[in-house]
Amino acid sequence: MFNSRVGRTALASLAVVMLASACGGGSDSPATSSVQVSLTDTPIEDADNVVVSVSGVAFKPEGSAPEVVENFAPRSIDLLQYQNGRTAILLQDTPMKAGRYQWLRLIIDTQPVVRDSYIVINGNECELNVPSGAESGLKMNRPIDVPADGSLALTIDFDLRKSVHAPPGQASGACTTGYVLRPTLRLVNDANVGAIDGTVSFEAGAVPDGCKPNVYVYEGTVTPDDMEETTAASPDVDPLVVVGVTIPAGSISGTYRAAFIPAGSYTAAFTCDDDTIDDQSLAFVPPAGVAVAVQNNVVSTVNFTVPVPAP
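Below, the structure is looked at part by part. (Residues numbered from 1 in each chain as written. Predicted model: local features only at pLDDT ≥ 70, side-chain atom pairs only at ≥ 80, totals over all residues. Heavy atoms only, no water.)

Structural notes on the pairing of strand S20 (residues 264–271)
- Of all eight residues in S20, six are buried, a share of seventy percent or more.
- As paired strands, strand S17 (residues 214–219) and S20 are joined by six bridges and run antiparallel to one another. Its bridge partner lying in S20, Asn214 is registered against Thr271.
- Across seven bridges, S20 lies against strand S21 (residues 284–294) in antiparallel orientation. Opposite Gly264, over in S21, you have Val294 as the bridge partner. (Buried < 20%, exposed > 50% of the residue type's maximum accessible area, 1.4 Å probe, protein only. Helix = DSSP H or I, 4+ residues; strand = E, 2+ residues; numbered from the N terminus. Pairing = 2+ DSSP bridges.)

Structure follows, in structure tokens:
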């Protein structure tokens, strides 16, 4: 299954660190598990395509050298095609020794002047570049058990809203030097997640001009806030995920779905405002958000009604 050589010329690596409890038996043949790894996406506004070229997957067993999965079929994945709970499967029914693994790595092709990983904005295709130091920023200290004689399904969620950046001075949609991919990822065990979905309806009888409808989901009981840095006197409250609301043309209501949410307590809120605009103060509905409990393998429903704006 594995090849111990991890290094590949001109490849950038996206790393996710995993800690797991050691499993094992006393037999000569180590216990194995069937592992699946999938990709999904939290969307980015104004992009037509975000394509990553995955050429390999590697795991780091505790106490031994990293191992690259053998016979992996390289593929190009448009992350924007895998939203609202849809996933692209990278590994399926892959046998793996039970035990503790320190990290999982996706090997991504981002060679200069080669059409491998790229983004399309406003019809313009631009290179996606992964900085050489990006690997250290992708570690996730989340314990995951690789069971003996069982199965494990993992999903890696790309938060493209936080991951794709235009270089300083480059206008949005321009491709002077390409775009930078500094991935913000969530790694979850599919057996330990649920989802939140629902509708958004506008009492005014029309969707406001310029509305960019999104639902923000925060961990715990918090007052909804934007994703900008704040001061020590006003602690920063970042959402776990931000998902778009699909509103059909001519309709005054739409739907959303936030998938792969770990079980727990959350606060959800809707906004029409654009968090990508500097100094934009977001107006949430309701201002204090809505408390919602997420359970494993259960879809929790939260509906929003947007009131008529005050005169």
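So that's the structure; there's more coming.
Here's the deal with the nonpolar core
- The biggest cluster of nonpolar side chains holds 39 residues, and the ones touching the most others in it are Val50, Phe59, Ile119 and Ile156.
- It is strand S4 (residues 47–61) that provides the largest number of residues to this core, a total of six residues.
- Within the second largest apolar cluster, 23 residues are counted, among which are Ile196, Tyr266, Cys272 and Val302. (Core = buried A, V, L, I, M, F, W, Y, C linked by side-chain atoms within 4.5 Å.)

Concerning the pattern of salt bridges
- Evaluation of the coordinates by the stated rule reveals four salt bridges.
- With its nearest N and O atoms 3.2 Å apart, the salt bridge here joins Arg100 to Glu62. Taken together, the residues span a long stretch of sequence, with Arg100 in the loop between strand S7 (88–97) and strand S8 (101–109) and Glu62 in the loop between S4 and strand S5 (67–69) at a distance of 38 residues.
- For Arg100, a relative accessible area of 34% puts it in the partly exposed group. (Salt bridge = Lys/Arg side-chain N within 4 Å of Asp/Glu carboxyl O.)

Points about the sheet that holds strand S15 (residues 185–189)
- The four strands lie next to each other as S7-S3-S12-S15, forming an open sheet whose pairing is mixed. The open sheet has two free edges, formed respectively by S7 and S15, since each of these has just one partner strand. Averaged over neighbouring strand pairs, the angle between their axes works out to 20° when direction is ignored. (Axes fitted to C-alpha atoms, helices over the stretch in contact; angles between N-to-C directions.)

Here's the deal with the sheet that holds S20
- Pairing in this open sheet of four strands is antiparallel, and the strands run S18-S17-S20-S21 from one edge to the other. If you trace the sheet from one side to the other, it starts and ends with strand S18 (241–244) and S21, each paired once. Each strand axis lies, on average, 25° off the axis of its neighbour in the sheet, ignoring direction.
- Bridge count for S17 against S18 is four bridges, and the pairing is antiparallel. Counterpart to Val217 in the pairing with S18 is Val241.

Notes on the state of the cysteines
- Tallying each qualifying case throughout the model produces one disulfide.
- Cys211 shares a disulfide with Cys272; S-S distance 1.9 Å. Because the sign of the S-S torsion sets the handedness, a value of about -80° for the bond joining Cys211 and Cys272 places this disulfide among the left-handed ones. Taken as a pair, Cys211 in the loop between strand S16 (193–202) and S17 and Cys272 in the loop between S20 and S21 lie far apart in primary sequence, 61 residues in all.
- Accessibility expressed as a relative area gives 15% for Cys211, which makes it buried. (Disulfide = S-S within 2.5 Å.)

Digging into unusual backbone geometry
- With an omega of -15°, the peptide bond running from Val285 to Pro286 counts as cis.
- Within the fold, Pro286 resides in strand S21.
- In this model, Asn71 sits at a positive phi of 60°, which is unusual for a non-glycine residue.
- Among the secondary structure elements, Asn71 is positioned in the loop between S5 and strand S6 (75–78).
- Phi at Asn297 takes a positive value of approximately 60°, unusual for a residue other than glycine.
- The residue Asn297 is located in the loop between S21 and strand S22 (299–301) in this model.

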